[in-house]
Amino acid sequence: PFPGTKFTKEMEEQGRILTKDWSLYDGQNVLVRPKNISPYDLQMKMKEIYKKFYSYKNTFKRLKKSSRKKLSIEISLWVNSFGLKNALLNSQSKTHLEFLKSVS
């Protein structure tokens, strides 16, 4: 929910914005209460998808299909996945996950 957007205004009017902690606005955290799933369950599904996409197995599968030109991009993705995994497991993310559990 980027500030000043129509979407954010609609979510605020519906009382669905869960937090205004700007440090969580990184595209990896559930910040809006979804309609058909709990915020906690959505966050857990997102973590599952990130882990699957950036897994060794999936990365090497993409590497096998890649041309040499794409190889460096794929290797970069794989290396960067370590940073992503750390971001999903850091203390701030854990605290936000507990918050989502409490509002679900």
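Keep in mind that this is a model prediction, so the values were computed, not measured.

Asker: Just to check I follow, could you spell out the overall build of the chain for this structure?
Answerer: The number of helices and strands found in the chain is 5 helices and 0 strands. For the chain, the residues scored as buried account for 29% of the 104 residues in total. If you take every contact in the chain between residues at least 6 apart in sequence, the share linking residues at least 24 apart comes to 43%. In the form shown here, the chain has an accessible surface area of approximately 7400 Å², with 58% of it arising from carbon and sulfur atoms.

Asker: Would you mind going over the packing of aromatic side chains with me for this structure?
Answerer: Two measures describe an aromatic ring pair: the distance that separates the ring centres and the angle between the ring planes. For the structure on display, the rule yields 1 aromatic pair. Taking the centre distance of 4.6 Å and the plane angle of 55 degrees together, the rings of Trp22 and Tyr25 count as tilted.

Asker: What am I meant to see in the confidence of the model for the chain here?
Answerer: When pLDDT is low, close inspection of the predicted coordinates is not appropriate. When pLDDT is averaged along the chain, the result is 82, and 70% of the positions lie at 70 or above. Here helix α4 (residues 68–89) stands out as the element of the chain with the lowest mean pLDDT, 63, in contrast to helix α1 (residues 6–13), whose mean of 97 is the highest.

Asker: Just checking my understanding: could you explain the packing of helix α2 (residues 39–53) against helix α5 (residues 91–103) for this structure?
Answerer: Helix-helix packing is characterised by the crossing angle of the two axes and by the distance between the axes. Viewed as axis vectors pointing N to C, α2 and α5 meet at an angle of 140 degrees, and their least axial separation amounts to 7 Å. One finds that α2 runs oblique with respect to α5. Of the residues in α5, those touching α2 at Pro39, Tyr40, Gln43, Met44 and Lys47 are His96, Leu97, Leu100, Lys101 and Val103.

Asker: I would appreciate a short explanation of the pattern of salt bridges in the present structure.
Answerer: Once their charged atoms are close, side chains differing in charge can pair, the charge on each being opposite to the other. On inspection of all chains with the given rule, the structure shows 2 salt bridges. For the salt bridge of Lys20 with Glu12, the shortest nitrogen-to-oxygen distance reads 2.7 Å. You can call Lys20 partly exposed: its relative accessible area is 46%. For Glu12, a relative accessible area of 40% gives the class partly exposed.

Asker: Can you walk me through the side chain of Thr8 in this structure?
Answerer: Looking at the secondary structure, you find Thr8 in helix α1. Given a relative accessible area of 6%, Thr8 falls into the buried group. A distance of 2.6 Å separates a polar side-chain atom of Thr8 from the backbone oxygen of Phe2. Here Thr8 is in contact with Pro1, Phe2, Pro3 and Ile17, once residues within four sequence places are set aside.

Rules and cut-offs
- Residues numbered from 1 in each chain as written.
- Predicted model: local features only at pLDDT ≥ 70, side-chain atom pairs only at ≥ 80, totals over all residues.
- Heavy atoms only, no water.
- Helix = DSSP H or I, 4+ residues; strand = E, 2+ residues; numbered from the N terminus.
- Buried < 20%, exposed > 50% of the residue type's maximum accessible area, 1.4 Å probe, protein only.
- Contact = heavy atoms within 4.5 Å.
- Areas by Shrake-Rupley, 256 points an atom, 1.4 Å probe, with all protein chains shown as cover.
- Phe/Tyr/Trp six-rings, centres within 6.5 Å; stacked < 30°, edge-to-face > 60°.
- pLDDT = per-residue confidence, 0-100.
- Axes fitted to C-alpha atoms, helices over the stretch in contact; angles between N-to-C directions.
- Parallel < 35°, antiparallel > 145°, perpendicular 65-115°, else oblique.
- Salt bridge = Lys/Arg side-chain N within 4 Å of Asp/Glu carboxyl O.
- Polar contact = N/O pair within 3.5 Å; in protein donor to acceptor, adjacent residues only side chain to side chain.

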